[in-house]
Amino acid sequence: MKNKFKNKYNHPILKIVDSSLISLPTPSNITFMWNMGSLLGMCLMIQIITGLLLTMNYSTHTDLAFSSVNHIFRNVNYGWMIRSLHANGASLFFIYMYLHIGRGMYFESFKFTHVWMVGIMIFFLTMMTAFMGYVLPWGQMSFWGATVITNLLSAIPIWGNQLVQWIWGGFAINNATLNRFFMLHFLLPFIILMFMLIHLLFLHQTGSSNPLNINNNNDKIPFHPYFTWKDLMGFILSLFLLIIIISWFPNSLGDPDNFIPANSMVTPIHIQPEWYFLFAYAILRSIPNKLGGVIALIMSILILIILPFSTPNKIKGNQFYPLNKILFWNFAHCFILLTWLGACPIEYPYMMLSQIITINYFLYFILSPLMNMMWNNLLKI
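None of the values given here were measured: they were computed from a predicted structure. (Residues numbered from 1 in each chain as written. Predicted model: local features only at pLDDT ≥ 70, side-chain atom pairs only at ≥ 80, totals over all residues. Heavy atoms only, no water.)

## Overview of the UniProt feature "binding site: a ubiquinone" (unreviewed entry) in the chain
Mapped onto this structure's residue numbering, the UniProt feature "binding site: a ubiquinone" (unreviewed entry) falls at His 204. Checked against the element boundaries, His 204 lands in helix H8 (residues 175–206). Relative accessible area serves as the criterion here: at 31%, His 204 is assigned to the partly exposed category. (UniProt positions renumbered as here; feature names shortened; annotations may be inferred. Helix = DSSP H or I, 4+ residues; strand = E, 2+ residues; numbered from the N terminus. Buried < 20%, exposed > 50% of the residue type's maximum accessible area, 1.4 Å probe, protein only.)

## Thoughts on the packing of helix H5 (residues 113–135) against H8
The contact between H5 and H8 brings their axes to 8 Å, and the two run at 160°. By the angle between their axes, H5 is roughly antiparallel relative to H8. Taken as a pair, H5 and H8 cross one another with a handedness that is left-handed. Classifying every residue of the contact of H5 with H8 gives 21 nonpolar, eight polar and no charged. (Axes fitted to C-alpha atoms, helices over the stretch in contact; angles between N-to-C directions. Parallel < 35°, antiparallel > 145°, perpendicular 65-115°, else oblique. Left-handed = near helix turned anticlockwise from the far one by under 90°. Nonpolar A, V, L, I, M, F, W, Y, C, P; charged D, E, K, R; others polar.)

## Quick notes on the packing of aromatic side chains
Applying the stated criterion across every chain, the model contains 31 aromatic pairs. Seen in terms of ring centroids, Phe 331 and Tyr 364 are 4.9 Å apart; in terms of plane orientation they differ by 35°. Their pairing is tilted. Placement of Phe 331 in helix H12 (residues 322–342) and of Tyr 364 in helix H13 (residues 350–380) is noted, with a sequence separation of 33 residues between them. Taken individually, Phe 331 and Tyr 364 each receive the classification buried, so the pair is uniform in this respect. Lying over the aromatic face of Trp 34, Arg 103 brings its terminal NZ or CZ to 4.6 Å of the ring centre. (Phe/Tyr/Trp six-rings, centres within 6.5 Å; stacked < 30°, edge-to-face > 60°. Lys NZ or Arg CZ within 6 Å of the ring centre and 35° of its normal.)

## Let's talk about the environment of Ala 282
For Ala 282, the location among the structural elements is in helix H10 (residues 278–286). What makes Ala 282 buried here is its relative accessible area of 1%. Ala 282 sits ten residues away from Gln 272 along the chain, and the two C-alpha atoms are 9.7 Å apart. Leave out the neighbours within four places in its chain, and Ala 282 touches Leu 338, Leu 341, Gly 342, Ser 354 and Thr 358. (Contact = heavy atoms within 4.5 Å.)

## Regarding helix H2 (residues 36–55)
Across its 20 residues, H2 extends 28 Å between first and last C-alpha, which sits within 8% of the 28 Å expected from 1.5 Å per residue. Regarding H2, the residues found buried are Met 36, Leu 39, Leu 40, Met 42, Cys 43, Leu 44, Ile 46, Gln 47, Ile 48, Thr 50, Gly 51 and Leu 54. On its buried side, H2 packs onto helix H3 (65–74), helix H4 (79–106), H8 and helix H9 (226–248). (Expected span 1.5 Å × (residues − 1).)

Here it is in structure tokens:
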């Protein structure tokens, strides 16, 4: 067992590479769902590289931002490809992130508390980065989306209005706002990259979870070549999917209103964010009170923090308990339905459905610990 994972190099850098990517002891029974972490790393690198290339031709001025994006798409060599990769790469990033979080919840990987907490921080920062990136093309939906979301801070008692004006840099969304959002959108991916390295550092200390949710050191194999080839297969399939999307359906995930230059005098009929924010947007709209809606919006993400502290260590994964499994898949369906409802008009029956499913969404985090306590008591008997 020791020889199989023995470090073969004397150079300190080669030692790190060997212990992190080659000889890393990895459970032999992990499935394709454990590929999501490496795929997220690939997506982040695509976003950083394409983002850096886009900044070379982007103009951070309200009069020029929309035209500069149009210029990149039409006149810059391969600008259409870089722009489409960046826009659709964000969607792929969130697909893998939701699958990664879902897998962590299902197989209770959140019991590695430090890994989970850093992961939630990465999720939160990614949502901030994506929101600011959506504002930069300065189309109608970019402008009004930024207006609606930043205005939510005015619900904070006493300092709300001052905070909104401080973020805007004035009394309305203006050039200062666009400059700030661009600066933050540029810097945050590098902060996310740093957090990803910390996430991996903690993961390599604890080791990966596995479908059986057992700590079996006798059933571990070196990361290379078994999982490097598996990850490479995931990279190839993901890039193939991205190439198909940017070649045939580059604008299918975008909003048509964002192809109209931002106009503060004309409000779009139906303001909505990108699809990956729709579940949180549906939760926000389902609460009649503005401050209550903002709290529900933030809690829809931050509530994931309680999972490591609400599950007894004796319980070994949702996959072994039928009632836990039903609760998890009910939660997954709530997430999908809220994503659909976020794109629906604010009218009956969509508002009523949003309220029912929002309650159902949060009930998971109450019922799941109760169910785990029940199983824990049964195990004692």
